[in-house]
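# Close look at the chain arrangement
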Amino acid sequence: TKSLVADAVRQLTGKTYYDQIAQDSIAMAVNDIITVGAKPLSIHAYWAVGGTDWFSDAQRMRDLVEGWKRACNLTGVAWGGGETPSLSGIVEAGAIDLAASCVGIIRPKERLTVGNKLAAGDAIILLESSGIHANGVSLARKLAEQLPDGYGSRLANGRLYGEALLDPTLLYSSVIEAVFTAGIPVHYLANITGHGWRKLMRHPSPFEYRLTALPPVPPVLQFIVEKTGLALSEAYATLNMGAGFALF
């Protein structure tokens, strides 16, 4: 639903932001596939619209294509094509459903990482997030409806709330590839998306998880927590709170 935020903020700034949410779409696929030790090879796009007139906005379409290309280049994958269906009656008029699928390869087979080596005493290393990424956006949109200035509200650092929400999800494939190339033993990987830090406990074994240090919370997430009155326990169970990926 980040596209809805982009459409709303465009009315404030004149920018489409579709180059940024293109990266969000690719990150949702790439950051998932690397959790099993796979190296991403190709990305396919699925852009479903409520009507073909969506594609007639030249600036928005150019930003979407350029952002998609840039994110593919950042992850070193080929853009393998895709589909742009017009689904009137399923997708609302003027709206788009952005999705991506990713194909990767696990080579050598020893790179397969599904948690069978995870054990008590393993370290948990958290990689920073850029902001909200693409999870918890429905909560962020609901908050905007309640703020007097909506997406035009200012964070403590002076940025517009809406623009901060649109910071693209970080792509972690190059970091994970470097870890494997360096021969660092990885026992498990987790993409911290929906359900926040509960994703750290995704492995089915009954481990106890202890975090000895918390990363800085991005200003936009701190703003959401403060304005919604979320308890910290709920915030960490919903948002990434500064950690977008975890290595065990």
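Since we're looking at a predicted model, the values are computed, not measured. (Residues numbered from 1 in each chain as written. Predicted model: local features only at pLDDT ≥ 70, side-chain atom pairs only at ≥ 80, totals over all residues. Heavy atoms only, no water.)

Next up on the list: the overall build of the chain. Counting secondary structure elements, the chain contains eight helices and six strands. When the elements of the chain are put in sequence order from the N terminus, they spell out α-α-β-α-β-β-β-α-α-α-β-α-α-β. Here the C-alpha atoms of the chain give a radius of gyration of 19 Å, agreeing with the 18 Å that 2.2 N^0.38 yields for 248 residues. Structurally, the chain occupies a C-alpha span of about 50 × 45 × 30 Å along its principal axes. The burial tally for the chain puts 46% of its 248 residues in the buried class. Taking contacts inside the chain between residues at least 6 apart in sequence as the whole, the part at least 24 apart equals 81%. On the chain, roughly 12200 Å² of surface is accessible, and the fraction owed to carbon and sulfur atoms is 54%. Between the centroid of the 21 positive side chains of the chain and the centroid of its 22 negative side chains there is a distance of 4 Å. (Helix = DSSP H or I, 4+ residues; strand = E, 2+ residues; numbered from the N terminus. Rg over C-alpha atoms; globule rule 2.2 N^0.38 Å. Buried < 20%, exposed > 50% of the residue type's maximum accessible area, 1.4 Å probe, protein only. Contact = heavy atoms within 4.5 Å. Areas by Shrake-Rupley, 256 points an atom, 1.4 Å probe, with all protein chains shown as cover. Lys, Arg positive; Asp, Glu negative; His and termini not counted. Charge placed at Lys NZ, Arg CZ, Asp CG, Glu CD.)

Moving on, we get to the sheet that holds strand E2 (residues 78–83). Spatial strand order, E2-E1-E3: three strands in an open sheet with mixed pairing. Single-partner strands in this sheet number two, and they are E2 and strand E3 (96–105). Shown here is a sheet whose adjacent strand axes are inclined to one another by a mean of 25°, direction ignored. Bridge count between strand E1 (residues 39–49) and E3: ten bridges; the pairing is antiparallel. Looking across to E3, one finds that isoleucine 43 is bridged to cysteine 102. Sheet strands in contact with helix H2 (residues 18–33) are E1 and E3, and its direction is about 40° off that of E3. (Pairing = 2+ DSSP bridges. Axes fitted to C-alpha atoms, helices over the stretch in contact; angles between N-to-C directions.)

Looking now at unusual backbone geometry. Arginine 107 connects to proline 108 through a cis peptide bond whose omega is -5°. Structurally, proline 108 can be placed in the loop between E3 and strand E4 (125–128). Residues other than glycine seldom take positive phi values, yet tyrosine 17 does so here, at roughly 65°. Within the element layout of this structure, tyrosine 17 appears in the loop between helix H1 (2–13) and H2.

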